[in-house]
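Secondary and tertiary structure notes
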Amino acid sequence: MNKISIKNIKKGYKERRNQGRKGSDASVKGDDIMVLDGISLEIEEGEMVCFLGPSGAGKSTLLRILAGHDQATSGEVLFNGQPVTGPSADNIFVYQQNGLLPWYTVWENVEFGLRNLEDEEEKNNRIHEHIALVELSGFEHHYPHQLSGGMQRRAELARAMAVNPDVLFMDEPFTGLDYLTHLKIREEVINMHTFYQKTTLMVTHFIEDALVMADRIVVLGERPAKVIMVKKLDFSRPRNIEKDKGLSELRDEIFLLLGVSYVA
Amino acid sequence: MHNPIVRKLLPFISFFLLLIIWELTVRFSGWSTHVFPTPIEVVNGAYELSSDGKLFKDSVASLYRVTVGFYLAVIIGVPLGIILGRVRVANQIINPLIQFLRPISPLAWIPLAMLWFGIGESPAIFLIFLSCFFPLVTSTMISVLSIKPIYFQVASNFGFTRQEVIKKVVLPAILPEVITSFRMIVGIAWLVVVAAEMIAVQSGLGYLILDSRNALRMDYVMVGMITIGLIGLSLDYVMKQLTELDEVEWRKFSS
Ligand SMILES: Nc1ncnc2c1ncn2[C@@H]1O[C@H](COP(=O)(O)OP(=O)(O)OP(=O)(O)O)[C@@H](O)[C@H]1O
Ligand SMILES: [Mg+2]
């Protein structure tokens, strides 16, 4: 059974200088900037899909539409056959920017996703468990600004995982981290995925991330974006790009596709 | 200078100097002490005004007006500020009116206030209310508008109801700035109450000063001024304690 069906999604933005002046006449087609030009994809339950593509292609836009945070101009997104109508606590989004609420401690940030849980004990256990999972035990009562960038990312992952979402959306979750932290958090995401088997949709700029993590890689082309490549990765885990010839070949192929002649 | 006790005493040096200059000025200016009383005469005046309880009663009267006006402004101003910051249509309709009324000094309202409310508590409280209300609505609105959109996205992602958004996003986010506004408007209110009492009522520190001037008791006038200064200082000290609340602790760490 297909978990998420993406059916011919198109998205255009009104060009800014025309907003207001010509009113909200959506029919003025000439004013649209096309961002997504007919994206179709079927995503299986529990699958980890990584989206790659040039900057400004529309990756964040696509992810937002899938999560119900933005509306497509045309086309349809179905979750288990049901159309997506808006944001929902079943699909948690980890944003490109820091989304922790700065007035809440790590504990409180994780807690507010679980605020409707009746059973106090279960709630506390779940918060504990997820904070431990991202190795932030001992920092429960720190405010986000008292944490490093990498720790904030991890806290955000813990918050997202704690609500036990059906689908996890991550928009460049590793951007802005130092290399080692990047690798560590990547490990954690992989472990969480192996453990919980959540459908995970991730946008990244790092091709290596996609190669190491993804069950499937989807590459978008320049704006207006179409899917220019879909690749299923059947490589065994844990993966090593240098040692696995198939992976390094795929890497070179994707680099070429994105217009970089990669020299290893 | 590294001795903490010495450092605590430093602020008092300027007050002490002021007293000396004051005394010397009176002595060598040749002015009558009716026009320019000496510090000792002012202390005597303070004693007289305190012993019959008048100074205390007037201080309480002024504080009462400031308190009621301030609370009224908070009860109406903060929610209105939040609405103006969150509801676009409301902002477009109401905000221009508020920004038009805001620069009108509360003192300019005195004639109307007296006509509408007569003489007594109400016009004075109304003026305090006005002096607190406009700055408070405006600053609350601005803080709500400057909350990062991502926090609202997160809230809707986690399925927050409208009430939860107010309680868990808007209020905590604006609290530090709102507390700063509280501190500021209490200062303004304390300025305005004295002026209001000179015209609209027959009690309070403002009235004390006006009444003493009419009786040519400059020592009492100065007692009134000094009392206003001291109470103002204490009010600000009390309001400053609010910035130490646990609820705004997070602000210390954020850049
Ligand atoms: N709210 C908006 N209004 C108008 N145009 C927008 C809006 N959001 C995005 N765009 C445009 O849509 C295009 C795609 O944006 P998007 O953020 O989806 O790109 P992206 O692939 O995530 O890029 P990056 O990798 O740099 O994050 C950009 O050209 C951008 O200018
Ligand atoms: Mg993006």
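Residues numbered from 1 in each chain as written. Chains lettered and ligands numbered in written order. Predicted model: local features only at pLDDT ≥ 70, side-chain atom pairs only at ≥ 80, totals over all residues. Heavy atoms only, no water.

Bringing the overall build of chain B into the picture now. Along its length, chain B carries eleven helices and zero strands. In terms of overall dimensions, chain B is more spread out than a globule: its C-alpha atoms have a radius of gyration of 23 Å, far above the 18 Å expected for 255 residues. When its C-alpha atoms are laid out on the principal axes, chain B stretches across 75 × 60 × 30 Å. Relative to its full complement of 255 residues, chain B shows a buried share of 44%. A fraction of 72% describes how many contacts in chain B between residues 6 or more apart in sequence connect residues 24 or more apart. Total accessible area computed for chain B in this model is approximately 14600 Å², and 70% of it derives from carbon and sulfur atoms. Each charge sign in chain B was given a centre, from 19 positive and 16 negative side chains, and these centres are 11 Å apart. (Helix = DSSP H or I, 4+ residues; strand = E, 2+ residues; numbered from the N terminus. Rg over C-alpha atoms; globule rule 2.2 N^0.38 Å. Buried < 20%, exposed > 50% of the residue type's maximum accessible area, 1.4 Å probe, protein only. Contact = heavy atoms within 4.5 Å. Areas by Shrake-Rupley, 256 points an atom, 1.4 Å probe, with all protein chains shown as cover. Lys, Arg positive; Asp, Glu negative; His and termini not counted. Charge placed at Lys NZ, Arg CZ, Asp CG, Glu CD.)

With that settled, consider the sheet that holds strand 6 (residues 91-94) of chain A. Residue and element names in this part refer to chain A. Overall, mixed pairing links the six strands, which are arranged 6-7-8-3-9-10 in an open sheet. Only two strands of the sheet have a single partner each, and these edge strands are strand 6 and strand 10 (227-232). Looking at each pair of strands side by side, their axes are set apart by 15 degrees on average, direction ignored. Alignment of strand 3 (residues 48-52) against strand 9 (residues 216-220), held across four bridges, turns out to be parallel. Residue cysteine 50 lies in a different strand from strand 9, and its bridge partner there is isoleucine 217. Against the sheet, helix 7 (residues 245-257) makes contact with strand 3, strand 9 and strand 10, and its axis sits at roughly 175 degrees relative to strand 10, the strand it touches most. (Pairing = 2+ DSSP bridges. Axes fitted to C-alpha atoms, helices over the stretch in contact; angles between N-to-C directions.)

Evaluated as defined, the whole model comprises 17 aromatic pairs over all chains. Ring geometry for A:Phe112 and B:Phe160: centres 5.2 Å apart, planes at 80 degrees, overall edge-to-face. In this pair, A:Phe112 is assigned in helix 2 (residues 106-113) and B:Phe160 in the loop between helix 7 (149-157) and helix 8 (162-199), connecting two distinct chains. Side by side, A:Phe112 and B:Phe160 carry an identical accessibility label, which is buried. On the basis of an interplanar angle of 80 degrees and a centroid distance of 6.0 Å, the ring pair of B:Trp109 and B:Phe126 is categorised as edge-to-face. With B:Trp109 in the loop between helix 4 (88-101) and helix 5 (110-117) and B:Phe126 in helix 6 (residues 121-145), this residue pair connects regions lying 17 residues apart in the sequence. (Phe/Tyr/Trp six-rings, centres within 6.5 Å; stacked < 30°, edge-to-face > 60°.)

On to the interface of chain B and chain A, then. Chain B puts 20 residues into the contact, and the matching count from chain A is 25 residues. Each partner contributes to the roughly 2000 Å² buried at the junction of chain B and chain A, and carbon and sulfur atoms together form 65% of this total. Linking chain B with chain A are one salt bridge, by the criterion used here. Residue A:Arg115 is joined to B:Glu164 by a salt bridge in which the shortest nitrogen-to-oxygen separation is 2.7 Å. For the pair chain B and chain A, the number of links is eight residue pairs in polar contact (both at pLDDT 80 or more). Among the secondary structure elements, those contributing two or more residues to the side of chain B that touches chain A are helix 7, helix 8 and helix 11 (250-253) of chain B. Top element by residues in the side of chain B that touches chain A is helix 7 of chain B. It accounts for six residues. (Buried area = accessible area lost by both parts, 1.4 Å probe. Salt bridge = Lys/Arg side-chain N within 4 Å of Asp/Glu carboxyl O. Polar contact = N/O pair within 3.5 Å; in protein donor to acceptor, adjacent residues only side chain to side chain.)

The next point concerns the site of ligand 1. Residue and element names in this part refer to chain A. Ligand 1 sits among 14 residues. The nearest are Ser55, Lys59, Ser60, Thr61 and Arg223. Measuring from an oxygen atom of ligand 1, one finds a backbone N or O atom of glycine 56 at 2.9 Å. Here an oxygen atom of ligand 1 sits 3.3 Å away from a polar atom, N or O, in the side chain of glutamate 172. Considering each element in turn, the shell around ligand 1 owes the most residues, three residues, to helix 1 (residues 59-67). For the shell around ligand 1, a count of residues per class yields four nonpolar, seven polar and three charged. (Near = heavy atom within 4 Å. Nonpolar A, V, L, I, M, F, W, Y, C, P; charged D, E, K, R; others polar.)

All names here are of chain A. Here chain A is partitioned into domain 1 (4-90 + 166-257) and domain 2 (100-164). At the junction of the two partners, domain 1 supplies 16 residues and domain 2 supplies 14 residues. When the two sides are added together, the surface that domain 1 and domain 2 hide from each other amounts to roughly 1200 Å², 68% of it contributed by carbon and sulfur. Our count for the contact surface shared by domain 1 and domain 2 stands at zero salt bridges. Of all elements in the fold, only strand 7 (167-171) and helix 5 (179-196) reach the threshold of two or more residues within the side of domain 1 that touches domain 2. A per-element tally of the side of domain 1 that touches domain 2 places helix 5 first, with six residues. Considered class by class, the residues forming the side of domain 1 that touches domain 2 number ten nonpolar, one polar and five charged. (Domains from an automatic or database assignment.)

With that out of the way, let us pick up the environment of A:Asn164. Residue and element names in this part refer to chain A. With respect to the helices and strands, asparagine 164 occurs in the loop between helix 4 (149-162) and strand 7. Since its relative accessible area comes to 45%, asparagine 164 is described here as partly exposed. Distance from asparagine 164 to valine 219, taken between C-alpha atoms, is 28 Å for residues 55 residues apart in sequence. Excluding anything up to four places from it in sequence, asparagine 164 contacts Arg126 and Lys198. At a separation of 2.5 Å, a polar atom in the side chain of asparagine 164 contacts the side chain of lysine 198.

Let us now look at the confidence of the model for chain B. The predicted coordinates of low-pLDDT regions are not to be read in fine detail. All names here are of chain B. When pLDDT is averaged along chain B, the result is 92, and 99% of the positions lie at 70 or above. Considering each helix and strand of chain B separately, the mean pLDDT is smallest for helix 11, with a value of 82, and largest for helix 3 (residues 54-86), with 96. For this predicted complex, the interface score ipTM comes out at 0.82, while the overall pTM is 0.83. (pLDDT = per-residue confidence, 0-100.)

Here we come to the environment of B:Arg86. Residues and elements named next belong to chain B. Of note, arginine 86 is situated in helix 3. The class of arginine 86 is partly exposed, set by a relative accessible area of 40%. A sequence separation of 58 residues divides arginine 86 from valine 144, and the C-alpha atoms of the two residues are 7.1 Å apart. Ignoring sequence-local partners within four residues, the contact set of arginine 86 consists of Val144, Phe152, Val165 and Val170.

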